Amino acid sequence: MINMKLSFVNALFINLVFLTSYVAYADEKGKELYMKNCVVCHADDGSGLMPGVADLTGKKAWLALDKNVLSLQIKKGIQNESGISMPAKGGNPNLSDDEIDKIIEFMRHEFAK
Ligand code: HEC
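Below is a summary of the structure that appears in this document.

Calculation notes
- Residues numbered from 1 in each chain as written.
- Predicted model: local features only at pLDDT ≥ 70, side-chain atom pairs only at ≥ 80, totals over all residues.
- Heavy atoms only, no water.
- Helix = DSSP H or I, 4+ residues; strand = E, 2+ residues; numbered from the N terminus.
- Buried < 20%, exposed > 50% of the residue type's maximum accessible area, 1.4 Å probe, protein only.
- Contact = heavy atoms within 4.5 Å.
- Arc of directions from axis to C-beta.
- Polar contact = N/O pair within 3.5 Å; in protein donor to acceptor, adjacent residues only side chain to side chain.
- Phe/Tyr/Trp six-rings, centres within 6.5 Å; stacked < 30°, edge-to-face > 60°.

**Digging into the environment of Gly30**
- In this structure, Gly30 sits in helix 1 (residues 2-37).
- What makes Gly30 buried here is its relative accessible area of 0%.
- With 76 residues separating them in the primary sequence, Gly30 and Phe106 have C-alpha atoms 5.2 Å apart.
- If near-sequence neighbours (up to four positions away) are discounted, Gly30 is found in contact with Lys102, Ile103 and Phe106.

So, in structure tokens, the structure goes:
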């Protein structure tokens, strides 16, 4: 009986370790992709490097967007007549849906503070 309880606790613990390392992994990957494809305009803290680039920090409207809507917006880019436009996929046509999702997770986690 005691053994059963112990192995249950063990299993819980192992799951927790697995889950945390997976989340850390997804975040690392998202960060890496962000640094490659987005940082030139959005800066490493998401605040935007030049006037006209959206400030992605804090509780901004884009954070409330559904993940799929946001993903589509990043894929299409943002055409701005009067200012700087954002190129589709940040200018990297090779970014996959999965990679864009990872970038979104990273941004939500890092910039939403
Ligand atoms: C060439 C510069 C440039 C690059 C590279 C770039 N962006 Fe942008 N981004 C912009 C500009 C400019 C805007 C603001 C456009 C506007 O609102 O008119 C913007 C806006 C955004 C927004 C805000 C959308 C909203 O609804 O307010 C998000 C989210 C975003 N970019 C994500 C990304 C991601 C993710 C990448 C990398 C894959 C990326 N951007 C790469 C220039 C860039």
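**Overview of helix 4 (residues 67-76)**
- Inspection of helix 4 places Leu70, Ser71 and Ile74 among the buried residues, and these make up the whole buried set. Taken down its axis, helix 4 places every buried residue within 100° of arc, on the same side. In helix 4, those exposed residues whose orientation departs by more than 90 degrees from the buried face are Asn68 and Lys76.
- In this fold, the buried residues of helix 4 make contact with helix 3 (61-64) and helix 5 (97-111).
- Where helix 4 begins, the capping side chain belongs to Asp66, and its oxygen is found 3.0 Å from the backbone nitrogen of Asn68.

**Some remarks on the packing of aromatic side chains**
- For the structure shown, the criterion picks out three aromatic pairs.
- With centroids separated by 5.4 Å and ring planes inclined at 45°, the aromatic side chains of Tyr34 and Phe106 adopt a geometry described as tilted. Of the two residues, Tyr34 is situated in helix 1 and Phe106 in helix 5; the sequence distance between them amounts to 72 residues.
- According to the relative accessible area criterion, Tyr34 is buried, its value standing at 0%.
- Overall, Phe106 belongs to the buried group, its relative accessible area being 3%.
- Taken together, a centroid distance of 5.4 Å and an interplanar angle of 65° make the contact between Tyr34 and Phe111 edge-to-face. Taken together, the residues span a long stretch of sequence, with Tyr34 in helix 1 and Phe111 in helix 5 at a distance of 77 residues.
- Three or more aromatic residues joined by ring pairs make a cluster, and in this case those are Tyr34, Phe106 and Phe111.

So yeah, pure geometry; function would need other evidence.
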